[in-house]
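Survey of secondary and tertiary structure
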Amino acid sequence: MKCNIVKDLLPLYCDKLTSQDSNEEIEKHLHECGECNAVYESMKQKEDDIKVPDKDIKPLKKVKKRTKLKVIGAVFGTIAVLAAVFVFVFVGVIPISSDKLHYTVEAKEFKSYIVKNDAPNEAGGYECEYRSEFNDNFYPIPDGVDVKTEKMINFEFYGDCSCINERGDSKYEYIVTDEGINDIIGHYHIWIYPVMKLPYDERGKYPNQYSWGANDVKEGSTLTIHYRDKTETFDLWELYQENVEK
């Protein structure tokens, strides 16, 4: 059988469409003819083994890279959205409205002093301990200590929601009194957010309540509450005078 005839029959032979007699003649020729056998071996290669030109591969690589970047972007975008939802729902982003927040005020005077410990610490210095009338070890008062009278004001906030979170900030004004004494006046800021309670929240039965207080109220001290719809600033000294327990 001639080479040109065998080459014409090879596609049919590879697809097993030739007769048994033709198969015998083709196989005999392939055994004797190296050129035709090489053509046959090439035709037997599977499609995924056939080399694709670089010019055809490069566009596929670009498509694959773009697809990979889209998947990564989608993953990070989903994470960002879930994080934003978590912060909005469980941490708080928008403060509570003024009509949804209620509070009570309590003011009182108490005595306090600072005492130096008798025994030095490891560094050889002496640590100081603050004691107030709220501490069990306030009495007896040690000799020689300077007992101060402090003015305390306390706010108890109640939100019309299942749970609240709070954020605070403080700014201090340094002054010199008429007596020439250096002193500090506090200006306090509070943001309260309505949120949902987390499963591991340990604030007990009333997670919609929050207590805030200042122990050393002075003339000029202020507290500003930042609501969703407005801000409200209290003169703590005036509020103390109005509510102090006589």
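Presented here is an overview of the structure given in this document. The shown structure was predicted, so the numbers you read here are calculated from the model rather than taken from an experiment.

**Brief notes about the sheet that holds strand β2 (residues 128-132)**
- The strand order across the open sheet formed by four strands is β2-β1-β3-β6, and the pairing between neighbours is antiparallel. In this open sheet, the two strands that pair with only one neighbour each are β2 and β6 (209-214). In this sheet, adjacent strand axes meet at a mean angle of 35° when their direction is disregarded.
- Where strand β1 (residues 101-116) meets β2, five bridges bridge the pair, whose relative direction is antiparallel. Bridge pairing in β2 links Tyr113 to Arg131.
- Along the sheet, helix α5 (residues 236-243) makes contact with β1, β3 (148-159) and β6, crossing β3 at roughly 90°.

**Structural notes on the side chain of Ser112**
- Assignment of secondary structure puts Ser112 in strand β1.
- Judged by relative accessible area, Ser112 falls into the buried class, the value being 2%.
- In this structure the side chain of Ser112 is engaged in a polar contact, spanning 2.5 Å, whose partner is the side chain of Glu150.
- Excluding residues that lie within four positions of it along the chain, Ser112 makes contacts with Tyr130, Arg131, Ser132, Phe138, Asp146, Val147, Lys148 and Glu150.

**Quick word on the packing of helix α1 (residues 3-14) against helix α2 (residues 20-32)**
- α2 packs onto α1 with a crossing angle of 120° between their chain directions and a minimal axis gap of 10 Å. Classified by the interaxial angle, the pair formed by α1 and α2 is oblique. For the element pair α1 and α2, the recorded crossing hand is left-handed. Contact residues: α1 offers Cys3, Val6, Leu9, Leu10 and Tyr13, while α2 offers Asn23, Ile26, Glu27, His29 and Leu30.
- Taken together, the residues of the contact of α1 with α2 break down into seven nonpolar, two polar and one charged.

Cut-offs and rules
- Residues numbered from 1 in each chain as written.
- Predicted model: local features only at pLDDT ≥ 70, side-chain atom pairs only at ≥ 80, totals over all residues.
- Heavy atoms only, no water.
- Pairing = 2+ DSSP bridges.
- Helix = DSSP H or I, 4+ residues; strand = E, 2+ residues; numbered from the N terminus.
- Axes fitted to C-alpha atoms, helices over the stretch in contact; angles between N-to-C directions.
- Contact = heavy atoms within 4.5 Å.
- Buried < 20%, exposed > 50% of the residue type's maximum accessible area, 1.4 Å probe, protein only.
- Polar contact = N/O pair within 3.5 Å; in protein donor to acceptor, adjacent residues only side chain to side chain.
- Parallel < 35°, antiparallel > 145°, perpendicular 65-115°, else oblique.
- Left-handed = near helix turned anticlockwise from the far one by under 90°.
- Nonpolar A, V, L, I, M, F, W, Y, C, P; charged D, E, K, R; others polar.

Take it as geometry only, folks, not as evidence of what the structure does.
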